Amino acid sequence: MKLVKVDHLCKTYGTGEAQVEALKNASFTLEKGEFAAVIGESGSGKSTLLNCIGGLDTPTSGKVWLNGQDLFSMSEEKRTVFRRRNIGFVFQSFQLIPELNVEQNIIFPLLLDYKKPEREKVEELLEVLGLKDRRNHLPCQLSGGQQQRVAIGRALITRPVLVLADEPTGNLDSNSSKDVMELLHQASRRYQQTILMITHNQNLISSVDHVFRVHDGVLSDLGGAYI
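Cut-off values and rules
- Residues numbered from 1 in each chain as written.
- Predicted model: local features only at pLDDT ≥ 70, side-chain atom pairs only at ≥ 80, totals over all residues.
- Heavy atoms only, no water.
- Helix = DSSP H or I, 4+ residues; strand = E, 2+ residues; numbered from the N terminus.
- Buried < 20%, exposed > 50% of the residue type's maximum accessible area, 1.4 Å probe, protein only.
- Contact = heavy atoms within 4.5 Å.
- Pairing = 2+ DSSP bridges.
- Axes fitted to C-alpha atoms, helices over the stretch in contact; angles between N-to-C directions.
- Core = buried A, V, L, I, M, F, W, Y, C linked by side-chain atoms within 4.5 Å.
- Salt bridge = Lys/Arg side-chain N within 4 Å of Asp/Glu carboxyl O.

(A) Region of the structure containing the overall build of the protein. Assigned secondary structure in the protein consists of six helices and 10 strands. Considering only C-alpha atoms, the protein reaches an extent of 55 × 40 × 35 Å along its principal axes. Here the protein holds 227 residues, and the buried ones make up 52% of them. At a minimum sequence separation of 6, the contacts of the protein that also span at least 24 residues come to 68%.

(B) Broad picture of the pairing of strand S10 (residues 218-223). As paired elements, strand S9 (residues 210-215) and S10 share five bridges and run antiparallel to each other. Bridged to Val214 within S10 is Leu219. Following S9, the chain reverses through two residues before pairing antiparallel with S10; Asp216 in that reversal takes a positive phi of roughly 50°.

(C) Seen up close, the sheet that holds strand S6 (residues 87-91). In spatial order, the strands read S6-S7-S8-S3-S9-S10; together these six strands make up an open sheet with mixed pairing. With one partner strand each, in any of the chains shown, S6 and S10 form the two edges of the open sheet. Across the sheet, the axes of successive neighbouring strands diverge by a mean angle of 20°, strand direction being ignored. Where S6 lies against strand S7 (residues 162-166), five bridges are found, and the strand directions are parallel.

(D) Local environment of the nonpolar core. By size, the foremost hydrophobic cluster in this structure holds 38 residues, and its most contacted members are Ile106, Ile152, Leu184 and Met197. When residues of this core are traced back to their parent elements, those giving at least two are strand S3 (35-39), helix H3 (102-112), helix H4 (119-129), helix H5 (144-156), S7, helix H6 (174-190) and strand S8 (194-199). Not counting residues within four places of it along the chain, the set of residues in contact with Ile106 comprises Leu125, Leu126, Leu129, Val150, Gly153, Arg154 and Ile157. Listed in part, the 29 residues of the second largest apolar core include Val6, Leu49, Phe82 and Leu164.

(E) Spatial organisation of the pattern of salt bridges. One pass over the full model with this rule turns up 19 salt bridges. With a closest N to O distance of 2.8 Å, Arg85 and Asp113 form a salt bridge. Note that Arg85 is positioned in helix H2 (residues 76-86) and Asp113 in the loop between H3 and H4, a separation of 28 residues in sequence. Its relative accessible area of 43% is what places Arg85 among the partly exposed residues. Judged by relative accessible area, Asp113 falls into the buried class, the value being 10%. In this structure, Lys132 and Glu127 form a salt bridge, with 3.7 Å as the shortest nitrogen-oxygen distance. For Lys132, a relative accessible area of 37% gives the class partly exposed.

Shown next, in the form of C-alpha cells:
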C-alpha cells in the first residue's frame, strides 16, 4: 500500500540572482511500514524535502499525498490538525519542553489534540523506550541519548502513520546512535509505521529498506539493501 506519494516536488527560495532551487522535481513513493533514508550533504535539499513532506514548508510546485490525502489542497488550519494526528517528528535538537518531565513531554501531542492518554499505551511506550525509571525526570536530568528517546516517544504516542526523523543521531555518540536506530526500526516493525529519516551519516543506512540521495536539489533513488 502506497502511504506517501511525492510528485514533481519543487521548492525555490529567493528571486533573481539570489534565487536558489532547493528541490527540483522530486518524485517517489513509500509503502506502509517502510523504513527509508535520504542521504546528502549539508545544503543539498534533504531538510527542505522532509519539511515539505511534513507540511512544515510549502512547496513552490508539486504534490504530496499522505494516506490518500493531498496535503497542500487543505487549508493551513486543516493541514495543521492533519499533521498533528498523522505525522510524528523527531528532530536532531530534541526540542523537548524543559519544564515538563519525561512522561509529560511524551504525552504532550495528545493533550494538544484534547485527547486523554491511554495509560496502557503510555506504559508500553515507556517500556519500549527504556524510560520507565526516568518518567519523572526533567530533560536537564537526562543524557543526550535519553532525551532523544523521549523525542521518539513523543513522535510515536499518537501512533502516526508517518514518522519523519531529521538527523536523529546527529548530536549523539555511537552507542546512543545505535539505540535510536533500533527504536526507529522497532516503530517500523511493531507499529507498522512508515519512517523517513534524513542523515549525512552513511553508516546508519545499511539496515534500512530504501535509500534516496539528494544532491543539489535533485533526488535519486538508490534502491534497497544499500551498503
